[in-house]
Amino acid sequence: MSNESCVADACNIELTPDLAMENPVMPFLRKERIPHIWCPGCGIGTTVNCFVRGLEESGLDLNNVAIVSGIGCTGRVAGYMNLDSFHTTHGRPIPFATGLKLANPKLKVVVYSGDGDLFAIGGNHFFHAARRNMDLMVVCVNNHTYGMTGGQVAPTTPRGATVSTMPFGNFEDSFNLPFIADACGAVYVARWTVYHVKQLARAMKEGLAKKGFVFIEAMAPCPTLYSRRNKLGDGVEQLKYFKEKSVVKHGASTKDVGLTFQGEIVVGKFVDRERQTWLDSMNEHFTGYFGDKYQRYGGNHVKD
Amino acid sequence: MAAVTPAKQARGTVFVRTEVCKGCSYCIDFCPSKCIEFSKDFNAKGYHFPVLTRPEDCSGCDLCGVYCPDFAIFGVRLKDLEKRIQAQRAEDKAA
Amino acid sequence: MDGDHAACEGALAAGCRFVAGYPITPSTEVVERFAQRIPLIGGMFIQMEDEIASSIAILGAAWAGKKVMTVTSGPGLSLMMEHIGYAAITETPCVFVDVQRGGPSTGLPTLPAQADMMQVRWGSHGDYEIIALSPNSPQECFDLMIKAFNLAEEYRVPVFFMMDEVVGHMTERVVIPEASAIEVMERRWTSKPPGEYKPYAADDDMVPEMVKAGDGYRIHITGLTHDERGYPAMNPPTQKRMMERLLGKIRNNREKLIDVRGEHLEDAEIVVVSFGITSRVSGPAIEEARKQGLKVGHLRMVIAWPFPASVIQQLALRVKAFVVPELNMGQMVLEVERAVAGKTRVISVPHPGGTVHEPQEILTKILEAAR
Ligand SMILES: Cc1ncc(C[n+]2csc(CCOP(=O)(O)OP(=O)(O)O)c2C)c(N)n1
Ligand code: SF4
Ligand SMILES: [Mg+2]
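1. A few points about unusual backbone geometry
Residue P35 of chain A is bonded to the preceding I34 of chain A through a cis peptide linkage, with omega at 10°. Positionally, P35 of chain A belongs in the segment before α1 (44–58). Phi is positive for S25 of chain B, which is not a glycine, with a value near 75°. With respect to the helices and strands, the residue S25 of chain B is situated in the loop between β1 (12–16) and α1 (26–30). By relative accessible area, S25 of chain B is classed as buried at 10%. Its identity is not glycine, yet E91 of chain C carries a phi of approximately 55°, on the positive side. By the element assignment, E91 of chain C lies in the loop between α4 (74–90) and β4 (94–102).

Set out below in structure tokens:
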């Protein structure tokens, strides 16, 4: 607080240093760990703002919200959140979150990780958690590359982009993430960019309120590696591209929302439907099978 | 036209924690009222940080706060300011 | 009851209420029984998409407060390696059951081996300590499984339950005591309130107290080198402090952790060192040798890791030779040699696996040792 200087003096209230106010996101963060490690112009921090706004408006008891990340620049999000937070292994936040959730279904469990983490090494887990309709909210920060390791090709790198392990340009096709999530059975699928902060915050709020497997793709710039190597300017230039080239199409068919190198970006809420979650299915099935002998599973702890 | 417009009254303001700013310019480029600019000064890390150069245009909408990837700036509506300061004081006392 | 089922019953008796697994011969019977039993007990079984997922789903469940286990065999164990390291550095209590089969690779899916002994000790990268138990009968699959869970809670390390295909499929009488007669170690929950509690602050015993997600402590758990708060701190002093504790909590308790069973050791000139199923085959060979007038003793390691080096060192001062039969091409014999340090002879009785030793093979080596 005391090292926070107030630049504003547009009002007639005298702002002495002890009146300097705290950023409203701070109570949601582990203050003592800020400043964070992300580069200047990196979009990950902006997604965190949106997540915090969503959390704030969700009305959830923060003691019952857990966040699980994998490894990567985005993987560091868990460590900055003032929640029960788990920084797991590369690609495995979803199965860790599955264990956490099934062991204590009262928890709201959010998985927050990068495109490489969730769709390269962790792809298999994503498919199955969506298929099972695990009650998890998965936020993928898609920066089209492996940020943490120096900007290598990812399953989300568009054809034609240059990355360190595709030094002559990427000749692979990339994944269309909302299409995968939709096909695997997610009940809520949305894509926004960090230009669309209000919409992204609203999606976070909706996602937190939704029961079942929620997928939110948040496109963000990685200026240090992806933008620079592709001569796309800095972070803010990438946001301007997001602004100019995105079209909002709620309910768009997910097979039509694939991304191309610096091409059009379809954003919006693509899927919002109901499906029985894995745990509800299990409880209903066992109740039918065992009758009165079966007690609905709600996750008692060792302690109880 | 401009000459006849009465002086505008500020409706909001911003707070900046200059030392954590990394100079990305998100707040400057995406402020809907274009009231923030880079400072002439550098912070300890060598970045220009934002300053409110047209305070009369600030609405306190906090879009800068939502954009800022470093949690370095946020906006407040003046009508909320007193209330927020009181709340902050109470919190600080409690802590 | 067979060993696989007894192991499952042991886990239930120990309070295990969360199992995630992926089918693999010859371990599947353990989870199949768990899946059968758990709905009416009140717990959770989930078959995950692979062993990588299973081995970290249980760690998530442990941090939500459950006692947890996964069950696998060689190829699955290989896939789990990263999470053994993650469990070690995050100090997550958990039990890994490995029903060993012949390897490498797909090897002999339906036939026994004891060839994963070094893998469980060293297979994940970096330095760490684990505990491994070796049951040799269905009864022990029950009894020692309870011990495995208790040790996981006491030391907050991954504990390995090293079965093999023969012990898993062997059917014998298993006595299951009254629940009240079973000693179960509960989690070391903290009594500190949020704010005072630090996830990795430990007293002299080096084992920190635990909390679970949802209790308001807002913990941070990471596989990065971390300080007492659990926050990443990637620098040599923090690494040193963390490693000293991670290794120290087992190394300083090595003597306390020793669990060996001795027979005819008082007058022994030759000692057969065995573990798991091999101890069953060694018995007849030792009896035959003794009939022939040889002073042969038997030392069975119930806990194979940490290795009971001090016991071997003591014996090495007075015996002529050690004979080490094992269902692999010579793994634990290396540890025996290390402990013996050239003070006496060590004779390996390796076996490529697929079946157990013929007692004759072991007897031949005993006779060789006697010459
Ligand atoms: C098993 C394993 N393989 C590789 C790595 C190295 N690694 C760390 S982060 C990362 C990629 C991260 O990319 P992404 O998930 O897109 O996150 P970003 O950094 O872009 O946010 C890789 C390959 C690792 N930590 N573990
Ligand atoms: S490398 Fe890229 S993704 Fe990582 S912090 Fe820097 S800008 Fe962000
Ligand atoms: Mg990425």
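2. Description of the packing of helix α3 (residues 51–63) of chain C against α4 of chain C
All names here are of chain C. The N-to-C vectors of α3 and α4 enclose an angle of 25°; their axes lie 7 Å apart at closest approach. Taken together, the axis directions place α3 and α4 in an arrangement best described as roughly parallel. Considering the relative orientation of α3 and α4, their crossing is right-handed. Contact residues: E51, I52, S55, I56, L59 and W63 in α3; G76, L79, M80, H83, Y86, A87 and T90 in α4. When its residues are assigned to classes, the contact of α3 with α4 shows eight nonpolar, four polar and one charged.

3. Some thoughts on the packing of α1 of chain A against helix α7 (residues 197–209) of chain A
Residues and elements named next belong to chain A. Closest axis-to-axis distance for the α1/α7 pair is 8 Å, and the angle between their directions is 45°. In terms of orientation, α1 lies oblique with respect to α7. Note that α1 runs across α7; the crossing there is right-handed. Along its contact with α1, which presents T46, T47, C50, F51, R53, G54, L55, E57 and S58, the element α7 presents V197, L200, A201, M204, K205 and L208. For the contact of α1 with α7, the class distribution of residues is eight nonpolar, four polar and three charged.

4. Observations regarding the sheet that holds strand β8 (residues 220–222) of chain C
Across the sheet, which stays open at both edges, the nine strands sit in the order β7(A)-β8(A)-β5(A)-β6(A)-β4(A)-β3(A)-β1(A)-β2(A)-β8(C) with mixed pairing between neighbours. Two strands lie at the open edges of the sheet, namely β7 (246–248) of chain A together with β8 of chain C, each paired on one side alone. Pairwise comparison of adjacent strand axes, ignoring direction, gives a mean angle of 20° for this sheet. The strands touched by helix α3 (residues 93–103) of chain A within the sheet are β1 (65–69), β2 (84–87), β3 (108–114) and β4 (136–142) of chain A, with β3 of chain A carrying the most contacts at an inclination of about 175°.

5. Some remarks on the interface of chain A and chain C
Facing 46 residues of chain A, the contacting portion of chain C comprises 45 residues. Summed over both sides, the interface between chain A and chain C buries roughly 3,900 Å², with carbon and sulfur atoms accounting for 62% of that surface. Linking chain A to chain C there are one salt bridge. We note a salt bridge from R132 of chain A to E49 of chain C, for which the minimum N-O separation is 2.8 Å. In this assembly, chain A and chain C are joined by 20 residue pairs in polar contact (both at pLDDT 80 or more). When contributions to the side of chain A that touches chain C are tallied by element, the ones reaching two or more residues are α2 (77–80), β2, α3, α5 (123–132) and α10 (278–290) of chain A. Broken down by element, the side of chain A that touches chain C gets its largest block of residues, seven residues, from α3 of chain A. Considering only residue class, the side of chain A that touches chain C consists of 19 nonpolar, 18 polar and nine charged.

6. Considering the site of ligand 1
The environment of ligand 1 is formed by 17 residues, the closest being C73, T74, D115, D117 and G147 of chain A. With respect to ligand 1, its neighbouring residues span chains A and C. Within the contact set of ligand 1, an oxygen atom lies 2.6 Å away from a side-chain nitrogen or oxygen of T74 of chain A. Side-chain polar atom of D115 of chain A to an oxygen atom of ligand 1: 2.7 Å apart, as the coordinates give it. The protein chains hide 78% of the 590 Å² of surface that ligand 1 would expose on its own.

7. Here's the deal with the arrangement of the chains
Contacts between protein chains span two pairs of chains, and they are most numerous for chains A and C. No part of chain B reaches chain C; the closest C-alpha pair between them is 12 Å apart.

8. Topic: the coordination of the magnesium ion (ligand 3)
Metal coordination angles in their ideal form are 109.5 degrees for the four-donor tetrahedron and 90 or 180 degrees for the six-donor octahedron. All names here are of chain A. The magnesium ion (ligand 3) binds to the protein through D115 (OD), N143 (OD1) and T145 (O); the donor distances cover 2.0 to 2.1 Å. In terms of primary sequence, the donors binding the magnesium ion (ligand 3) are separated according to D-x27-N-x1-T. Judged on exposure class, the residue N143 and its partner T145 are both buried.

9. Digging into the domain arrangement of chain C
All names here are of chain C. Domain assignment breaks chain C into domain 1 (3–181) and domain 2 (259–370). The centre of domain 1, based on its C-alpha atoms, is set 26 Å off from the matching centre of domain 2. On the side of domain 2, 26 residues touch domain 1, which itself brings 29 residues to the contact. On the surface where domain 1 and domain 2 come into contact, there are four salt bridges. Linking domain 1 with domain 2 are 17 residue pairs in polar contact (both at pLDDT 80 or more). Among the secondary structure elements, those contributing two or more residues to the side of domain 1 that touches domain 2 are β5 (108–112), α5 (117–122), β6 (131–133), α6 (138–155) and α7 (165–169). Top contributing element to the side of domain 1 that touches domain 2 by residue count: α5, with five residues. Its residues assigned to classes, the side of domain 1 that touches domain 2 shows 19 nonpolar, four polar and six charged.

10. Section: the side chain of N328 of chain C
Residue and element names in this part refer to chain C. The residue N328 is located in the loop between β13 (321–325) and α12 (332–340) in this model. A polar contact is formed between the side chain of N328 and the backbone nitrogen of Q331, at a distance of 3.0 Å. When neighbours within four sequence positions are excluded, N328 is seen to be in contact with Q114, A115, F275, P350 and H351.

What counts and how
Residues numbered from 1 in each chain as written. Chains lettered and ligands numbered in written order. Predicted model: local features only at pLDDT ≥ 70, side-chain atom pairs only at ≥ 80, totals over all residues. Heavy atoms only, no water. Helix = DSSP H or I, 4+ residues; strand = E, 2+ residues; numbered from the N terminus. Buried < 20%, exposed > 50% of the residue type's maximum accessible area, 1.4 Å probe, protein only. Axes fitted to C-alpha atoms, helices over the stretch in contact; angles between N-to-C directions. Parallel < 35°, antiparallel > 145°, perpendicular 65-115°, else oblique. Left-handed = near helix turned anticlockwise from the far one by under 90°. Contact = heavy atoms within 4.5 Å. Nonpolar A, V, L, I, M, F, W, Y, C, P; charged D, E, K, R; others polar. Pairing = 2+ DSSP bridges. Buried area = accessible area lost by both parts, 1.4 Å probe. Salt bridge = Lys/Arg side-chain N within 4 Å of Asp/Glu carboxyl O. Polar contact = N/O pair within 3.5 Å; in protein donor to acceptor, adjacent residues only side chain to side chain. Near = heavy atom within 4 Å. Areas by Shrake-Rupley, 256 points an atom, 1.4 Å probe, with all protein chains shown as cover. Donors = N, O, S within 2.8 Å, 3.2 Å for Na, K, Ca; no water. Domains from an automatic or database assignment.

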